[in-house]
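# Geometric and topological summary
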Number of protein chains: 2
Amino acid sequence: MTDQPFRPEARAPRGFADKRAATLRAERRIVEQVSKVYEQWGFEPLDTGAFEYADALGKFLPDSDRPNEGVFALQDDDEQWMALRYDLTAPLARFAAQNWETLAKPYRRYAFGPVWRNEKPGPGRYREFIQCDADTVGSARPEADAEIIALAVAGLEAAGLPRGTAVMKINNRKLLNGLLTAAGVATEGQKLGVLRAVDKLDRLGTEGVTLLLGEGRKDESGAFTKGAGLTAKAIDSVLAFVAAGQTDRGATLDALSKVIGGSPEGDEGLEELAKIDAALKGLGVGGDQAAFDPSIVRGLEYYTGAVFEADLLLETLDDKGQAIRFGSIGGGGRYDDLVARFTGERTPATGFSFGVSRLAAALAAAGRTEAGETRGPVVVIAFDQARMADYFAVAAELRNGGLAAEVYLGSSGMRAQMKYADRRLSPAAVIIGEDEFAAGTATVKDLDLGRDLSRDMTDNAAWKAERPGQQTIPRADLVAVVRKIVEAAQ
Amino acid sequence: MTDQPFRPEARAPRGFADKRAATLRAERRIVEQVSKVYEQWGFEPLDTGAFEYADALGKFLPDSDRPNEGVFALQDDDEQWMALRYDLTAPLARFAAQNWETLAKPYRRYAFGPVWRNEKPGPGRYREFIQCDADTVGSARPEADAEIIALAVAGLEAAGLPRGTAVMKINNRKLLNGLLTAAGVATEGQKLGVLRAVDKLDRLGTEGVTLLLGEGRKDESGAFTKGAGLTAKAIDSVLAFVAAGQTDRGATLDALSKVIGGSPEGDEGLEELAKIDAALKGLGVGGDQAAFDPSIVRGLEYYTGAVFEADLLLETLDDKGQAIRFGSIGGGGRYDDLVARFTGERTPATGFSFGVSRLAAALAAAGRTEAGETRGPVVVIAFDQARMADYFAVAAELRNGGLAAEVYLGSSGMRAQMKYADRRLSPAAVIIGEDEFAAGTATVKDLDLGRDLSRDMTDNAAWKAERPGQQTIPRADLVAVVRKIVEAAQ
């Protein structure tokens, strides 16, 4: 028996990703740009802790019935159950209820940060991801919904989705509710079943949804999903409602009013949509940016009025160049009962949430990565071990000139150092040996140019003689020459 | 028995803070400025997940001996224990070990984000806080330590601690180790006892540390801490070593060489400090910015060479205006064995870490808050309910002019709306009623000026007549007039 020390395996837990420079820079750019917009619209930042007490979080994840299902929960030393937040809305409701008396109301806040879901991990399915939310608590006005929609449009534009590359689709839960009440559907359970059926329209088509609205549907695997049990007549009116969307917001309102006709809740919903339309016009948001679409229902149970969804219109490709459907990149709506869970008093609220990692992935899949997000620093080659302090001074000089620069700090020779600079995607390397120090010069290598030139050189001797992309310059010109190379590399 | 619905109490878990605008803007400014510097020095961002497997995290928190002591841990559904990271170094060691073959080496990375410690919460004692780290993995050169030190100096300067307000104090574990070996102290446990005793010099003074180096010390409560058990002669040489610091790095090196004299490990430590000194000179880091101080040992067990600590020199005041000692705001050092826990191969590494929340608190306690961090947006008053879409267009116009602006979205009257703007610390309010719409004008109120003027007005009637800080202007001048007020309010 040997007495080997214990060596843990170096691996990240399942469903948790290590993110490196290109991903992080893209995600941070999104968060920075969106935050700037949100602050400009008067939304103030809020950051709540990672944990909430489990009873405060509630159970609003779709398809989770067991306690603590879907969340990471643990018991504190005072035996209270805490869970990592699964979204940023539940903590906001808790915060608003806790601080309601002292808040300036209506309270507009935005937030971003990781949320955690204890789901089965798989390829591309993570258990931790970054969300970014904006919400207004304390305003029942449809204009508050309109503001959130317009804010989301402006935010996504700033995040890299210019006009025409995404659209907000808007609906109102009250329309469908009114329609169902008029059709004699009374139970909340049945209404929820209808919502969930309509939510699958994209995936299952009219035929599948018709089955789910009626008796139920058997999928390819043979598994049976019980339906909402509507009558054929009720199913027809739901399908007519869902299909009432037009390209223009005003035309859709007209079409909807014909389908909904007369139930008080339905009329209320229509009136709210009309006010949202007017406010969006005031904010200059066109029908190509935000449209009414009655097929949008959103999966979450807690919405009470307007619901909306941001859909990507960009063509996205997977690794193999195949077109993939990205679909929704965010959504939200009005949830007037969430704060009341704590206080017992109805507190109107509305908000929008999008996945930062998901948007970054969508932008990457659409080929919209910014060049600056992948480049490394200028590398000062450690040519002469006795000259390290001098190389540090060179790097400092480049940094003072506004450039990103570093000295190679390993123990390898020239060839490995050039390879290192290459792997860092450095635009340039600086080489100063005894000759250069003595002559007051520096050798600068344009690494992109060097790569391009050497690709065409089959002769090793020619490569050595020409040193493609390399030039020796007066030491005083160093910052200016390197800056020119760096700027060309962007 | 009544059938009341369950109402959870709205409260954040103990030790978790809700952070609002002023705090968050200050923390984010720090992270942004520091990140910019770190990237410029060639450090690339890395973000690992919140969880690590418990065996990968290891047990490096000071004073925690039981498994999972001090961390938030839970069992995954495959029965593996996971724990939330308690710092950013352990996840880096895991990441570096996992990806060593594919990394461009030496690997420089920076990271920031929350870390979690499952400690007893108390006033000002949080269980979640933001750390910001920079590390170089794969370089044994003392120049790598020097670079980290200089980087920390540059980072803290960018974060709002200009030259003269903080100092990096540097030491090397090898010096004390060499000294102890020469004095016949052989066991690791005894050496650790000496480290922990010296670490308390600030708090206990020479007398207290002398007791802890010897037999032990009884504190005011009567609790006894066992000492390191050194001989009187060994205690004397430790105390002489600790007191050898001089104002100048070169002079300290000279003084230390006299105290250390001759042990191979001590000489190695001195040589490393000499190289660090030379590299710091190359980077233009003066003795006032980074000094050698043999009394710095750092609490963590895993350091193997250079250790350093950033000390605040600013005068800081508590809420009552009393001077408080903030002390260390960050630290780091060389830890050549941490990656080897996984791989079995020694992998040299060095890094610096500081607490973002702690630095923000220090800057606030020193009265160095930026004005922009507290101001709210311009508020467009909802004077006429039928004109909401027009008010939205006004807010959009202000935002297009680069200003932060919002429309009041509640249902209260004028007085409450002005109070709301006041509470948001808005610089200005815009009032447009039917008269103004008809005349093509707008009324703008400078809220700071209004507050100043009305402070001197005891007569309510005069206040009403004069409307302090209020002016009616042509509608076309709105953005320009409001911008002037906002700029004056910064």
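Residues numbered from 1 in each chain as written. Chains lettered and ligands numbered in written order. Predicted model: local features only at pLDDT ≥ 70, side-chain atom pairs only at ≥ 80, totals over all residues.

## A look at the sheet that holds strand 4 (residues 81-84) of chain A
Residues and elements named next belong to chain A. Which entries qualify depends on this criterion: Between any two strands, pairing holds if DSSP finds at least two bridges. Strands are runs of DSSP state E lasting at least two residues, helices are runs of H or I lasting at least four, and both sets are numbered from the N terminus onward. Only the contacting stretch of a helix is used when fitting its axis, a line to C-alpha atoms as for every element, and angles between N-to-C directions run 0 to 180 degrees.
The three strands are arranged 2-4-3 in an open sheet whose pairing can be described as antiparallel. The sheet terminates laterally at strand 2 (51-53) and strand 3 (73-75), the two strands that pair on one side only. Adjacent strand axes in the sheet meet at a mean angle of 35° when their direction is disregarded. As defined by bridge partners, strand 3 adjoins strand 4 across three bridges and the pair is classed as antiparallel. Across the sheet, Gln 75 pairs through a bridge with Trp 81, a residue of strand 4.

## As for the sheet that holds strand 11 (residues 306-312) of chain B
Residues and elements named next belong to chain B. The following threshold applies: Throughout, a pair of residues is in contact if the C-beta atoms placed from their backbones lie within 7 Å.
Reading across from one edge, 1-5-6-15-14-11-7-10 is the order of the eight strands in this open sheet, with mixed pairing throughout. Both edges of this open sheet fall to strand 1 (44-45) and strand 10 (290-292), since each of them pairs with a single strand only. Pairing of strand 11 with strand 14 (residues 328-334) involves five bridges; the strand directions are antiparallel. Bridge pairing in strand 14 places Ala 310 opposite Gly 330. Relative to strand 6 (residues 128-137), helix 3 (residues 89-99) is tilted by about 40°, and along the sheet it contacts strand 5 (107-116), strand 6 and strand 15 (349-355). Against the sheet, helix 4 (residues 142-158) touches strand 6, strand 7 (166-172), strand 10, strand 11, strand 14 and strand 15, its axis set at about 20° to strand 15.

## Thoughts on the relation of the copies chain A and chain B
As a reminder, the rule being used: The copies were overlaid with a least-squares fit restricted to C-alpha atoms from residues scoring a pLDDT of at least 70 in each copy.
For the pair chain A and chain B, the relating rotation is 180°, the translation along its axis is 0.0 Å, and the fit reaches an RMSD of 0.0 Å. Viewed as a symmetry operation, the transformation between the two copies matches a two-fold axis. Minimal C-alpha separation from the rotation axis in chain A is found for A:Leu74, amounting to 3.2 Å. Most of the interface of chain A is mirrored in chain B, where 100% of its interface residues again form contacts.

## Brief notes about the interface of chain A and chain B
Defined as follows: For this scheme, ten residues count as nonpolar: Ala, Val, Leu, Ile, Met, Phe, Trp, Tyr, Cys and Pro. Four count as charged, namely Asp, Glu, Lys and Arg, and the remainder, Gly too, count as polar.
Each partner contributes residues to the interface: chain A has 75 residues there, and chain B has 76 residues. Counting residues per element, the side of chain A that touches chain B draws most heavily on helix 13 (residues 388-400) of chain A, at seven residues. Looking at the side of chain A that touches chain B, its residues break down into 38 nonpolar, 12 polar and 25 charged.

## Examining the confidence of the model for chain A
Caution is warranted with low-pLDDT regions, since their predicted coordinates should not be read in detail. All names here are of chain A. In plain terms, the rule: On a scale of 0 to 100, pLDDT captures the predictor's confidence in every residue.
Chain-level pLDDT for chain A is 90 on average; 95% of the residues reach the 70-or-more range. Long-range and interchain partners of residues 62-67, a stretch whose pLDDT sits below 50, account for five contacts in this model, where long-range means more than four residues apart. For this predicted complex, the interface confidence score (ipTM) comes to 0.91, while the overall pTM stands at 0.91.

## A few points about the environment of A:Asp78
All names here are of chain A. Counted only if it meets this: Counting other C-beta atoms within 10 Å of a residue's own tells you its class, since 20 or more makes it buried, 12 or fewer makes it exposed, and anything in between is partly exposed; those C-beta atoms are placed from the backbone.
With respect to the element layout, Asp 78 can be found in the loop between strand 3 and strand 4. Since 7 C-beta atoms lie within 10 Å of it, Asp 78 is described here as exposed. Put simply, Asp 78 and Gly 282 are 204 residues apart on the chain and 53 Å apart in space, counted from C-alpha to C-alpha.

## Brief notes about the nonpolar core
Selection rule: Note on definitions: a nonpolar core is a set of buried residues drawn from Ala, Val, Leu, Ile, Met, Phe, Trp, Tyr and Cys, linked by C-beta atoms within 7 Å.
By size, the foremost hydrophobic cluster in this structure holds 273 residues, and its most contacted members are A:Ile149, A:Val430, B:Ile149 and B:Val430. Look past the residues within four positions of B:Val430 in its chain and what remains in contact with it is B:Val378, B:Val380, B:Ile381, B:Val394, B:Ala442, B:Val444 and B:Val482.

## Points about the pairing of strand 14 of chain B
All names here are of chain B. Among the seven residues of strand 14, six are classified as buried, and the element is accordingly described as predominantly covered. Bridge count between strand 14 and strand 15: five bridges; the pairing is antiparallel. Bridge pairing in strand 15 places Arg 334 opposite Thr 350.

## Describing the packing of helix 7 (residues 201-213) of chain B against helix 8 (residues 232-242) of chain B
When two helices pack together, their arrangement is given by the angle between the helix axes and by the axis-to-axis distance. Residues and elements named next belong to chain B. The cut-off we apply is this: Orientation labels follow simple angle bins: below 35 degrees gives roughly parallel, above 145 gives roughly antiparallel, 65 to 115 gives roughly perpendicular, and whatever is left gives oblique. Left-handed describes a crossing in which the near helix is turned anticlockwise from the far one by less than a right angle; the clockwise case is right-handed.
In the contact formed by helix 7 and helix 8, the axes pass within 10 Å of each other and the chain directions differ by 160°. One element, helix 7, and the other, helix 8, form an angle in the roughly antiparallel class. Relative to helix 8, the crossing made by helix 7 is right-handed. Two secondary-structure elements touch here, helix 7 through Leu 201, Thr 206, Thr 210 and Leu 213 and helix 8 through Ile 235, Val 238, Leu 239 and Val 242. Here the contact of helix 7 with helix 8 is composed, by residue class, of six nonpolar, two polar and no charged.

## What about the domain arrangement of chain A?
Going by this rule: Residue ranges labeled as domains rest on an automatic or database domain assignment.
The assigned domain composition of chain A is domain 1 (21-365) and domain 2 (375-489). The C-alpha-based centres of domain 1 of chain A and domain 2 of chain A are spaced at 51 Å.

## Some remarks on the pairing of strand 18 (residues 428-431) of chain B
Side chains on a regular strand alternate between the two faces of the sheet. Residue and element names in this part refer to chain B. With two bridges connecting them, strand 16 (residues 378-380) and strand 18 associate as parallel partners. For Val 380, the partnering residue across the bridge sits in strand 18 and is Val 430. In this sheet, strand 19 (residues 441-446) lies alongside strand 18 in antiparallel orientation, the contact comprising four bridges. Along strand 19, the bridge assignment pairs Ala 429 with Lys 445.

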